[in-house]
Amino acid sequence: LPIYNRNNHPIYIKSCNAILVHNGIISNDKELKEQYKLQTDGEVDSEVIGSMFSLFKGNITKAISKLTGSMAFILYHKGRLFMYNHVSPLVVAYLPNEKSLIGASTQEVITHTVSDVVTFMGLFSKYSTTMEYVPYEPANNTLITLDMRAFMLKHKTIEPAKIGRASCRERV
């Protein structure tokens, strides 16, 4: 993790010990910082995602419902991985042999990643270019939650703030 969050990814959210990567623009980040008196360490709009998550005590649905803009993000917190997209692209790939997930903005990035020799935090080790994966491009406004402790995967549709109040449909 970077020592300073100035404009780096991944972003470490100190207030809740979470890690975040984000692609897109949070257009109401300044308003949310002011309205909720949020403290951030860096200069990126992305930090407000983690700050809202922390403010709402891990309720990612409530945090998303306050955001406006285009976004795709992955947030890791205490054994749970949250992946969400609104307007900005998100592709999730399941690697069945490795029992792993990879998230990226395009399938080309996934293909390139799995074809390289990758070592990342002990999750991946040397693989050939024939590594199998199953890509999934979630529909717009989809939140995917992977609870690694309970081995459970959930999908939920969440409308961000620009649409109004959050509305949800959940599949397990």
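Please refer to the structure higher up on the page.
Note that this is a predicted model, so its numbers are computed, not measured. (Residues numbered from 1 in each chain as written. Predicted model: local features only at pLDDT ≥ 70, side-chain atom pairs only at ≥ 80, totals over all residues. Heavy atoms only, no water.)

Colleague: Would you explain the nonpolar core in this entry?
Modeller: The nonpolar side chains of a soluble globular protein tend to be buried, and buried together. Formed by 25 residues in total, the largest nonpolar core has its most connected members in Met 52, Leu 67, Phe 73 and Leu 75. In terms of residues, this core owes the most to one element, helix H2 (residues 47–55), which gives 4 residues. Dropping the residues within four chain positions of it, Leu 75 is found in contact with Ala 18, Ile 19, Leu 20, Ile 49, Gly 50, Phe 53, Arg 80, Leu 81 and Phe 82. In this structure, Ala 72, Met 83, Leu 90 and Leu 146 belong to the second largest nonpolar core, which totals 8 residues. (Core = buried A, V, L, I, M, F, W, Y, C linked by side-chain atoms within 4.5 Å. Buried < 20%, exposed > 50% of the residue type's maximum accessible area, 1.4 Å probe, protein only. Helix = DSSP H or I, 4+ residues; strand = E, 2+ residues; numbered from the N terminus. Contact = heavy atoms within 4.5 Å.)

Colleague: Would you explain the environment of Ile 13 in this entry?
Modeller: Positionally, Ile 13 belongs in strand E1 (residues 11–13). Through-space distance from the C-alpha of Ile 13 to that of Asp 41 is 8.5 Å; in sequence the pair is 28 residues apart. Leaving out residues up to four positions away in the same chain, Ile 13 has contacts with Ala 18, Glu 47, Gly 50 and Ser 51.

Colleague: Would you mind going over the packing of aromatic side chains with me for this structure?
Modeller: Enumeration according to the criterion identifies 3 aromatic pairs in this entry. With centroids separated by 5.9 Å and ring planes inclined at 80 degrees, the aromatic side chains of Tyr 36 and Phe 56 adopt a geometry described as edge-to-face. Remark: Phe 56 occurs in the loop between H2 and helix H3 (60–65) and Tyr 36 occurs in helix H1 (residues 29–36); sequence separation between them is 20 residues. Given the relative accessible area of 23%, Tyr 36 is considered partly exposed. What makes Phe 56 buried here is its relative accessible area of 14%. (Phe/Tyr/Trp six-rings, centres within 6.5 Å; stacked < 30°, edge-to-face > 60°.)

Colleague: Explain the packing of H1 against H2 to me, please; I cannot follow it from the model alone.
Modeller: Each pair of packed helices can be described by the angle between their axes along with the distance between the axes. Across the interface, H1 lies against H2 with an axial gap of 10 Å and an inter-helix angle of 30 degrees. When the axis of H1 is compared with that of H2, the two are roughly parallel. For the pair H1 and H2, the sense of crossing is left-handed. On the side of H1, the interface is formed by Asp 29, Leu 32, Lys 33 and Tyr 36, while H2 contributes Val 48, Met 52 and Leu 55. (Axes fitted to C-alpha atoms, helices over the stretch in contact; angles between N-to-C directions. Parallel < 35°, antiparallel > 145°, perpendicular 65-115°, else oblique. Left-handed = near helix turned anticlockwise from the far one by under 90°.)

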